[in-house]
Amino acid sequence: MKEFLLSDPVTEDFFLFLKNFGHVEILPNVGEGFYKFEKKDCFSIKGLVGDTTLEVRFIPEVMDITVKFLYALFHFYGDGKPDIKTLKQREAGMEKRVNESLYGK
Amino acid sequence: MIYLNNAATSWPKPPEVCMAITRSLAQPVFGSGRTAGSEGEDYITQAREALVQLFHTGPGENWVFTHNATDALNILIPGFIASVEGPCHVITTALDHNSVLRPLHELERAGRITLTVVPFENAKISPDVVRAAICPETRLVVMSHGSNVLGSVQDIHAIGEILHERGIYFIVDGAQTAGHMPVDLGNLPVDAFIFTGHKALFGVPGTGGFYIRDPSRVGTVRYGGTGTDSFSLFQPDEMPDKYEIGTHNYPGLAALAAGIAFVCSAGTAAIAKKGEQQAAYIISELKKEPNIIIYNETPELPIIAFNIEGMENDDVGFVLARAYGVISRTGLHCAPLVHKTLTNGKGCVRVSPSWFTTDGECRVAVKAIREVAQGANSSLNQA
């Protein structure tokens, strides 16, 4: 488990952006809004709206592969105009390597 | 922050404990056989005497210091098994912690013992169930005194009498009860009793140990320097050197002695009463939320285990900590068989106040948990 300290508070918009890449669970009435993102075989992210930290849990065996994609998500979103198409291409490349590493295919 | 994870490690510590650690580091140590000096404090003896006073036992030498409760079990269990001739059947319980379950299962896997794990009902181990599990080869019963998930306290007096009538050795893990309630080892039919220093005895992590009534029943499984009988190349038979090897944790034992002195001054009966009252209050409030599942409605120890429908226990702990500053413990609590029975292996949230938790903190924590439950309920209904 890693905790990421953000320069700005977590927003609902960030988790809606993450929906492009995995499953997002939302409990809007818990705290200021509790959000959980899960990317199978890669990592999960938990956060509360308004908080300046996110909790990320990696699959340890492939963390060296997936952490780069996580940083890309942060970077592209922080840029203000997330390029979903480019991120999707990176996602596909990462998933291929993860599958090879975890399942040998 | 409202710290409700005292069943794991207590916090805060009494000021006397913090001062004792500071003092122990500021002065040289005096330990018989280990220094020619005599100016410092003998924390080892002080801690042993404190244990004798708290638990009403025989000689201090029969208290052995270890790194923690798990360490103590890893000395006692293999040590006893090593001294048994012929087949050895052992009984433990589904309420027990991995500190008991894992050593026993490893011994079973190695073919050294056969093992029966008796079930619990309403958070209790019935003496009749233990009696029914006994077979001619039963040599040992190892079980927890207090459950670290359900806060229930077992009737070790009744169980011990059944075992002693049959000559069966009885090891009790008191990690959750030592300091939380009166435990009179002078009157309990228990052969060995394990404690940890960092929970309700208000010491620090890295301290624990056991009381052993008759050391001749348990073999030695660790060997090394004791500061005594040093010309011998074999482990001394004298107590506590038979089991205690290497340099002691002097600051830890100074803290333990101070922590026990604090418990004695507060009184274990008063500590137990306050814990029960706070647990009863928390449970009565949580029961008002229909989507809170409580797993232990009448704990004797200040431990409350629950889940909120529609949320994973880990997420509840996350929200309580981040949004409300309430520190709980989530997951399986190293007690897999309890959770296999109660939560289908998913785990739960555990809150555990201590002597230092105020009623006001309990009210704030309860309000936070109820708000999370209400928020989960309304969020799920929206969806």
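Above this text sits the structure in question.
I will try to describe carefully the structure that is included in this document. (Residues numbered from 1 in each chain as written. Chains lettered and ligands numbered in written order. Predicted model: local features only at pLDDT ≥ 70, side-chain atom pairs only at ≥ 80, totals over all residues. Heavy atoms only, no water.)

## Considering the overall build of chain B
A count of helices and strands for chain B gives 11 helices and 13 strands. In terms of overall size, chain B behaves like a compact globule, its C-alpha atoms giving a radius of gyration of 22 Å where 383 residues would be expected to give roughly 21 Å. Based on the C-alpha atoms only, the size of chain B along its principal axes is roughly 75 × 55 × 35 Å. For chain B, buried positions account for 57% of its 383 residues. In chain B, the proportion of contacts linking residues at least 24 apart, taken out of those at least 6 apart, comes to 70%. For chain B, the distance from the average position of its 28 positive side-chain charges to the average position of its 38 negative side-chain charges is 5 Å. (Helix = DSSP H or I, 4+ residues; strand = E, 2+ residues; numbered from the N terminus. Rg over C-alpha atoms; globule rule 2.2 N^0.38 Å. Buried < 20%, exposed > 50% of the residue type's maximum accessible area, 1.4 Å probe, protein only. Contact = heavy atoms within 4.5 Å. Lys, Arg positive; Asp, Glu negative; His and termini not counted. Charge placed at Lys NZ, Arg CZ, Asp CG, Glu CD.)

## Let's talk about the sheet that holds strand 3 (residues 34–39) of chain A
All names here are of chain A. Pairing within the open sheet is antiparallel, and its five strands lie in the order 1-5-4-3-2. Strands with a single pairing partner mark the edges of an open sheet, and in this sheet they are strand 1 (2–5) and strand 2 (23–27). On average, adjacent strands in this sheet sit at an angle of 20° to one another, irrespective of strand direction. Of the pairings in the sheet, the one linking strand 1 to strand 5 (residues 53–58) comprises four bridges and is antiparallel in character. Bridged to K2 within strand 5 is V56. (Pairing = 2+ DSSP bridges. Axes fitted to C-alpha atoms, helices over the stretch in contact; angles between N-to-C directions.)

## Looking at helix 3 (residues 69–82) of chain B
Residue and element names in this part refer to chain B. The terminal C-alpha atoms of helix 3, which comprises 14 residues, lie 20 Å apart, in line with the 20 Å expected from a rise of 1.5 Å per residue. The buried fraction of helix 3 amounts to 11 of the 14 residues, a majority that puts the element mostly inside the structure. Turning to helix 3, its buried residues are A69, D71, A72, L73, I75, L76, I77, P78, G79, F80 and I81. (Expected span 1.5 Å × (residues − 1).)

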